[in-house]
Amino acid sequence: MRVLMFDIDTLRADHMGCYGYGRNTTPVMDSVAKEGVRFDRYYCPNAPCLPSRASLISGQYGIHTGVVGHGGTAADMRLQGTTRSFTDDMSENGLFMQFRRAGMRTVSFSTFAERHSAWWFQAGFNECYNVGRRGGESAEMVTPYVLNWLEQNGKQDNWMIHVHYWDPHTPYRTPAGYDPFEGEPLPDDWITEEIFAEHKLHIGPHGANEINMWNDDHFDVWPKHPGSLKNREEARHFLNQYDAGIRYTDDHIGKILGWMKDNGLYNDDLAILITADHGEDLGEFGVYAEHGMADEPVCRIPLIIRWPGMRANAAAEGFHDNTDLAPTIQELLGTPMIVPGRYRYDGKSFAATLRDGTDCGKPCAVLTQCAHVCQRSVRFDDYIYIRTVHGGGHLLPDEMLFDIKQDPHEQHNLAPERPDLCARGAKMILDWNDAMMKTSHYDADPMWTVMREGGPEHSRGQLASYAERLKGTPREYGADLLREKYPEEFTE
């Protein structure tokens, strides 16, 4: 058996053709979806990058691993403690270790571990290739390494390759002249002149005035990534660059799958997995090109699985999240749980969904973000309910509710008019939190560790200088609102 896993950074599911997008962004990945199972409501339960991959690898939520943020205590895996043996239980039971235990030669092409000092990500790999850019690389720097490895080893049996592409992630970096969607209308041109005018008044990081998070700095090395957006046309052009990054990634996946086909290895014995760490807000909440919320555009991610002997051209509609993948792979490969009474997955295997369409979905998906904001949300029925503990410099309500089916860009907060649904969502989060803490070896929910350490990593110490930036502009009113909402950031 051979396995190809494509791990794509910052890929919104709803910007892929197989998920209904009106642009030809993903023809190669769409073709794989026709040969496998597409999971329609699959979520990143801990956003963004570092927390997401911690839950993916461990099969556990951040409330158990401790990894919910990008800095401070909550950016490191919790130590196992006195029960740790020669190796730790997470490394022995992690996602990639399942392929190793199944007798496969395991290889990763990724800079993720170095970018976040997350060396646990490499557990289970025989070989790791790091091109050295810490996430700043583009696909043409990665693909040659993959193809070279395949030339030397691909015709052997029993291997698993993990290929990590960053191209949809900021800064937008496709080569000069690569503009497949320039001049083509956006399929969902929801940002009207009126809405963009509101976005120009947005208070908070990564708005139209500050694409570079807290300022409008532009770097010549990234000519396609502006420091600010002056008008609606510039916003459209910017969104085109996101789609171009997706298409560029798809092109390179096509090169790898093309090699498999040319060498007679694209057969019934080949498994292909396609997924992402998180999505992206592209105007939602006035935020451009950032994965800083626990909302639908950030947390809904693709999962496509083409597996030998399993269903083809099928879709799964139940709620799933990325903690479910490790137990699913374990069941498919028949690998054992190491010290089963001591280590447990939070996720639930959906192998039966792949085999015969059995619904293995959950009643809801609980989502957490603590790197840019501190939020906990729940996705249920057609709704997402969001509780904001720390807004990260945005002026967000403490409680929000959106009908995702009718309002996919989260423009109309229903919380004031639907307290019944808010109460239902709040209870789901509370029940989930209680269940998680009952099975935790630690007294603290790591979201509150982030709060006690000064709030989300990407907003700590930024708001006072940002408030000064607002003075003398049409957004000057925001300086007093920030001081009122985040007084701890303005202490002398």
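Data block above holds the structure.
Not measured: the values here are computed from a predicted model.

Caption draft 1: Highlighting the overall build of the protein. In terms of helices and strands, the protein carries 16 helices and 15 strands. What you see for the protein is a C-alpha radius of gyration of 22 Å, in line with the 23 Å of a compact globule of 492 residues. Each principal axis of the C-alpha distribution contributes one length, and for the protein these read about 65 × 55 × 40 Å. Counting across all 492 residues of the protein, residues that qualify as buried make up 61%. With an accessible surface of roughly 18,800 Å², the protein has 49% of that area assigned to carbon and sulfur atoms.

Caption draft 2: Geometry of the sheet that holds strand 14 (residues 383–390). The strand order across the open sheet formed by 5 strands is 3-12-13-14-15, and the pairing between neighbours is mixed. Of all the strands in the sheet, the pair left with one neighbour each is strand 3 (46–47) and strand 15 (399–403). In this sheet, strand 12 (residues 365–369) lies alongside strand 3 in parallel orientation, the contact comprising 2 bridges. Its bridge partner being in strand 12, Ala 47 is matched across the sheet by Gln 369. The strands touched by helix 13 (residues 419–438) are strand 12, strand 13 (374–380), strand 14 and strand 15; relative to strand 13, the strand with the most contacts, the crossing angle is about 110°.

Caption draft 3: Inspection of the packing of aromatic side chains at higher detail. Taken as a whole and assessed by the stated rule, the structure comprises 17 aromatic pairs. Arranged with centres 4.5 Å apart and planes meeting at 50°, the rings of Phe 39 and Phe 350 form a pair that is tilted. Of the two residues, Phe 39 is situated in strand 2 (residues 37–43) and Phe 350 in the loop between helix 11 (325–333) and helix 12 (351–356); the sequence distance between them amounts to 311 residues. In terms of burial, Phe 39 and Phe 350 fall into one category: buried.

Calculation rules
Residues numbered from 1 in each chain as written. Predicted model: local features only at pLDDT ≥ 70, side-chain atom pairs only at ≥ 80, totals over all residues. Heavy atoms only, no water. Helix = DSSP H or I, 4+ residues; strand = E, 2+ residues; numbered from the N terminus. Rg over C-alpha atoms; globule rule 2.2 N^0.38 Å. Buried < 20%, exposed > 50% of the residue type's maximum accessible area, 1.4 Å probe, protein only. Areas by Shrake-Rupley, 256 points an atom, 1.4 Å probe, with all protein chains shown as cover. Pairing = 2+ DSSP bridges. Contact = heavy atoms within 4.5 Å. Axes fitted to C-alpha atoms, helices over the stretch in contact; angles between N-to-C directions. Phe/Tyr/Trp six-rings, centres within 6.5 Å; stacked < 30°, edge-to-face > 60°.

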